[in-house]
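A structural walkthrough
Each chain is listed here by its residues.
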Amino acid sequence: LKIFTELTQDESLVSSFLASVVSYLPGDTSIISFAYNQKSIQVKASALTEISVAQFMTNLENSGSFEKVTLASLDSGQENDPFLTFSINLTEKGGS
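Computed from a predicted structure; not experimentally measured.

**Digging into the overall build of the protein**
Check the secondary structure of the protein and you find two helices and four strands. When the helices and strands of the protein are placed in sequence order, the string is α-β-β-α-β-β. Looking at the protein as a whole, 27% of its 96 residues qualify as buried. When the accessible surface of the protein is totalled, it reaches about 6200 Å², and 51% of it is carbon and sulfur.

What follows is the structure, encoded as structure tokens:
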């Protein structure tokens, strides 16, 4: 029962962080994957422009929820794919 309680609390926390991160997305940006590990979060997403990537990072930095917001990767799309794929690493306030 203790394990179930801990898992439920973790799930609730992850859902809360995901909702928070999504609320800062520019209109042409979408989440591909989201990974939460203790105080660290990795977000993989796609956007139409580098400006949208920068805006997303600025929104996250200005939220006050994260100690560090770091662009880990940025890849251009294939020939017929206009989207940029990027990864951002986030450190929760009070995290390591």
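**Remarks on the packing of aromatic side chains**
The tally for this structure, following the rule as stated, stands at one aromatic pair. On the basis of an interplanar angle of 70° and a centroid distance of 6.3 Å, the ring pair of phenylalanine 56 and phenylalanine 86 is categorised as edge-to-face. With phenylalanine 56 in helix α2 (residues 50–62) and phenylalanine 86 in strand β4 (residues 84–92), this pair connects stretches of sequence that are 30 residues apart. The pair phenylalanine 56 / phenylalanine 86 is uniform in exposure class, with both members buried.

**Topic: the sheet that holds strand β2 (residues 40–47)**
Pairing is antiparallel in the open sheet, where four strands are placed in the order β1-β2-β4-β3. Bordering the open sheet on either side are β1 (29–37) and β3 (66–75), each of which pairs with just one other strand. Each strand of the sheet is rotated relative to its neighbour by a mean of 20°, with strand direction disregarded. Where β2 meets β4, eight bridges bridge the pair, whose relative direction is antiparallel. Pairing of alanine 47 across the sheet is with leucine 84, part of β4. Relative to the sheet, α2 contacts β1, β2, β3 and β4, its axis offset from that of β3 by approximately 165°.

**Here we look at the environment of isoleucine 32**
As for its position among the elements, isoleucine 32 is in strand β1. Isoleucine 32 gets classed as partly exposed once you look at its relative accessible area, which sits at 46%. When the C-alpha atoms of isoleucine 32 and phenylalanine 86 are compared, they prove to be 9.4 Å apart, with 54 residues separating the residues in sequence.

**Digging into the pairing of β1**
With eight bridges connecting them, β1 and β2 associate as antiparallel partners. Each bridged residue has a counterpart across the sheet, and for serine 30 the counterpart in β2 is serine 46. Where β1 hands over to β2, the hairpin turn is made up of two residues, of which glutamine 38 adopts a positive phi near 60°.

**Re α2**
Under the 1.5 Å per step criterion, the end-to-end length of α2 is 18 Å for 13 residues, consistent within 8% with the ideal 18 Å. Buried residues of α2: Ser52, Val53, Phe56, Met57 and Leu60, and no others. Viewed along the axis of α2, the buried residues span an arc of 135°, placing them on a single side of the element. Of the exposed residues in α2, those oriented more than 90 degrees away from the buried face are Glu50, Ile51 and Asn62. Looking one or two residues beyond α2, the residue adopting positive phi is glycine 64, at roughly 80°.

About the criteria used
- Residues numbered from 1 in each chain as written.
- Predicted model: local features only at pLDDT ≥ 70, side-chain atom pairs only at ≥ 80, totals over all residues.
- Heavy atoms only, no water.
- Helix = DSSP H or I, 4+ residues; strand = E, 2+ residues; numbered from the N terminus.
- Buried < 20%, exposed > 50% of the residue type's maximum accessible area, 1.4 Å probe, protein only.
- Areas by Shrake-Rupley, 256 points an atom, 1.4 Å probe, with all protein chains shown as cover.
- Phe/Tyr/Trp six-rings, centres within 6.5 Å; stacked < 30°, edge-to-face > 60°.
- Pairing = 2+ DSSP bridges.
- Axes fitted to C-alpha atoms, helices over the stretch in contact; angles between N-to-C directions.
- Contact = heavy atoms within 4.5 Å.
- Expected span 1.5 Å × (residues − 1).
- Arc of directions from axis to C-beta.

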